[in-house]
Amino acid sequence: MNPYIDKAIDLAKELKLTTSHHPWEIQHGILANGTDYKIYDPWGKEVNALDFLLRGTNVGWYPIQGGIVREDKNGYPYFIEQEKGLEAEIHVNLFLGEFSTVGIDLDSTTVLTNLGNEYPLRKALDTAMLYTFPEKLKESKEEPSWLLTSFARYLPMGSWKNIKGEEVRLEDIIGYANELELGFGSCFGTHVMEGIAVAVTKYMGKTGCSPLKLQGPWREAHEKLELGIKLVKKLQREDGSIPRLWFKSDTIPRNLNEFKLALEQLIGATFFKPREILYTTGHTLDWLVQYVPVQILSQEWVVRAVEITARTIANNFHKFLKEVSPLTHAVHALKVYKDKLGNN
């Protein structure tokens, strides 16, 4: 195992966030360091980051009155998007999606709402289920990434009713995700791919279905992931890094988003190379390693991507202390990679 991997993972523990950071940044600290991760309150005292997000923001000194966990008129808890300049649930179902990634149990973990009521975290998942409308997702072009990860990990196969009494299936959300162009969504489409990867993996595990026997939207999702892997492998740079435009087999931008990404890629590769490697290769690896089997993780092209990511963190860590999302997703990818390969 590459020694830079352990060094990068250990360095992530030095990410010192405080209660004044955006809640989504604190949640990312948990993604990289697990549920024991500590942050600092205004008086310099260490507090558990997860406990702070779920139960600790409903305090007088916190800028957001009532905290980030609210309660609707029916007694269902949910996370706010933002208030008083602090960003929390900046994407649909972000917190539950990322909590599922680090294996947080919904029944033994509780939230404290703005009304002072305490509920199991599972009730927040119930809220998400009640307010998921697949057709509205399509109309509004909402990113389905974290709906997919949370529902796939926390729910059994089957359907449920939303608050309008409409039947909702995970297949409906997967079908919508399949329709999205590669590269759509935050972080140049890597989170959508992660959502699809988690959903397909969990579906196969729960049903015992092999890739060759997948049907309907599940087969289409598998084919989309396989195409993504093929493109990443084809477009990977000689040094092992992966470009922002990992999904484009040609060089001509097709739309404004691709033009913007191409410009950012050029600027990043020219003037901010370590950050660019961290951001693009780390985020891309984070969906790849959660999907591909061990035999592919051992292939030379994956090993090179992992090596340059780990080495970039190890050699530049203190330059990345404000790059919370790129750093934590890259570290999470390295941890998953190491866990799947063992100590080989």
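That block above? That's the structure.
We now turn to the structure provided with this report. (Residues numbered from 1 in each chain as written. Predicted model: local features only at pLDDT ≥ 70, side-chain atom pairs only at ≥ 80, totals over all residues. Heavy atoms only, no water.)

Observations concerning the overall build of the chain
Counting secondary structure elements, the chain contains 15 helices and 10 strands. In terms of overall size, the chain behaves like a compact globule, its C-alpha atoms giving a radius of gyration of 20 Å where 344 residues would be expected to give roughly 20 Å. Counting only C-alpha atoms and orienting by the principal axes, one finds that the chain spans roughly 55 × 50 × 40 Å. Residue pairs at least 24 apart in sequence account for 65% of intrachain contacts in the chain once pairs closer than 6 positions are excluded. When the accessible area of the chain is evaluated, it comes to approximately 15,600 Å², of which 52% is carbon and sulfur surface. For the chain, the separation between the mean place of its 40 positive charges and that of its 44 negative charges on side chains is 3 Å. (Helix = DSSP H or I, 4+ residues; strand = E, 2+ residues; numbered from the N terminus. Rg over C-alpha atoms; globule rule 2.2 N^0.38 Å. Contact = heavy atoms within 4.5 Å. Areas by Shrake-Rupley, 256 points an atom, 1.4 Å probe, with all protein chains shown as cover. Lys, Arg positive; Asp, Glu negative; His and termini not counted. Charge placed at Lys NZ, Arg CZ, Asp CG, Glu CD.)

Topic: the packing of aromatic side chains
How two aromatic rings sit relative to each other is given by the distance of their centres and the angle of their planes. Under the definition given, this model contains 12 aromatic pairs. Ring geometry for F52 against Y62: centres 5.6 Å apart, planes inclined by 75°, an arrangement best described as edge-to-face. Of this pair, F52 sits in helix 3 (residues 49-56) while Y62 sits in the loop between helix 3 and strand 3 (69-71), and the two are 10 residues apart along the sequence. Arranged with centres 6.4 Å apart and planes meeting at 70°, the rings of F79 and F99 form a pair that is edge-to-face. Pair noted here: F79 is in strand 4 (residues 77-79) and F99 is in helix 4 (residues 94-101), with a separation of 20 residues, a long-range link. For F79, a relative accessible area of 7% corresponds to the buried category. Members of the aromatic cluster, connected to one another through ring pairs, are W43, F52, W61 and Y62. A cation sits over an aromatic face here: K123 above Y76, 5.2 Å from the ring centre. (Phe/Tyr/Trp six-rings, centres within 6.5 Å; stacked < 30°, edge-to-face > 60°. Buried < 20%, exposed > 50% of the residue type's maximum accessible area, 1.4 Å probe, protein only. Lys NZ or Arg CZ within 6 Å of the ring centre and 35° of its normal.)

Re the pattern of salt bridges
A side chain of one charge can pair with a side chain of the opposite charge if their charged atoms are brought near each other. Overall, the coordinates contain 16 salt bridges when judged by the stated rule. Its salt-bridge partner being E179, residue K138 comes within 4.0 Å of it at the nearest N-O pair. Of the two residues, K138 sits in helix 6 (residues 134-140) while E179 sits in helix 8 (residues 170-179), which places them 41 residues apart along the sequence. Since its relative accessible area comes to 31%, K138 is described here as partly exposed. A residue is classified by how much of its surface remains accessible, and E179, at 57% relative accessible area, is exposed. The closest approach of N and O atoms between E300 and R304, which form a salt bridge, is 2.5 Å. A residue pair is termed a helical-turn pair when its members lie 3 or 4 positions apart in one helix, as E300 and R304 do in helix 14 (residues 300-316) at four residues. Connected via shared salt-bridge partners are E135, K138 and E179. (Salt bridge = Lys/Arg side-chain N within 4 Å of Asp/Glu carboxyl O.)

What to know about the nonpolar core
I68, L121 and F151 are the most contacted members of the largest nonpolar core, which has 107 residues in total. Contact partners of I68, with chain neighbours within four places excluded, come to P23, L53, T57, Y62, Y78, F79, I80, A88 and F95. (Core = buried A, V, L, I, M, F, W, Y, C linked by side-chain atoms within 4.5 Å.)

A word on the environment of M157
Of note, M157 is situated in the loop between helix 7 (145-154) and strand 9 (159-161). On the basis of relative accessibility, which here comes to 32%, the residue M157 falls in the partly exposed class. Along the sequence, M157 and K206 sit 49 residues apart, while their C-alpha atoms lie 7.5 Å from each other. Here M157 is in contact with Y203, K206, T207 and W218, once residues within four sequence places are set aside.

Observations concerning helix 12 (residues 273-288)
A rise of 1.5 Å per residue sets the reference length of helix 12, with its 16 residues, at 22 Å; its end C-alpha atoms lie 22 Å apart and thus fit the reference within 8%. Burial analysis of helix 12 places 13 of its 16 residues in the buried class, which makes it a mostly covered element. (Expected span 1.5 Å × (residues − 1).)

Describing the packing of helix 10 (residues 216-235) against helix 12
Direction vectors running N to C along helix 10 and helix 12 enclose 140°, while the axes themselves pass 11 Å from each other. In the crossing of helix 10 with helix 12, the sense of the turn from one axis to the other is left-handed. Here L225, G228, I229 and V232 of helix 10 come into contact with helix 12, specifically with T284, W287 and L288. Tallied by class, the residues present in the contact of helix 10 with helix 12 amount to five nonpolar, two polar and no charged. (Axes fitted to C-alpha atoms, helices over the stretch in contact; angles between N-to-C directions. Left-handed = near helix turned anticlockwise from the far one by under 90°. Nonpolar A, V, L, I, M, F, W, Y, C, P; charged D, E, K, R; others polar.)

Here we look at the side chain of Q290
Among the secondary structure elements, Q290 is positioned in the loop between helix 12 and helix 13 (294-297). Of the polar contacts made by the side chain of Q290, one reaches the backbone oxygen of D286; its length is 2.7 Å. Ignoring anything within four residues of it in the chain, the contact list for Q290 reads R153, E194, V198, T201, H332, V336 and K340. (Polar contact = N/O pair within 3.5 Å; in protein donor to acceptor, adjacent residues only side chain to side chain.)

Describing helix 1 (residues 3-11)
Within the span of helix 1, buried status applies to I5, A8, I9 and L11. End-on view of helix 1: buried residues confined to an arc of 165°, all on one side of the axis. The inward-facing, buried residues of helix 1 abut helix 14 and helix 15 (324-341). Regarding helix 1, its N-cap is N2, as a side-chain oxygen of that residue lies 2.8 Å from the backbone nitrogen of Y4 further along. (Arc of directions from axis to C-beta.)

Some points on unusual backbone geometry
For K84, which is not glycine, the phi torsion reads 55° and is therefore positive. For K84, the location among the structural elements is in the loop between strand 5 (82-83) and strand 6 (86-87). Overall, the relative accessible area of 59% leaves K84 in the exposed class. Its identity is not glycine, yet F188 carries a phi of approximately 45°, on the positive side. Inspection of the secondary structure assignment puts F188 in the loop between helix 8 and helix 9 (190-207).

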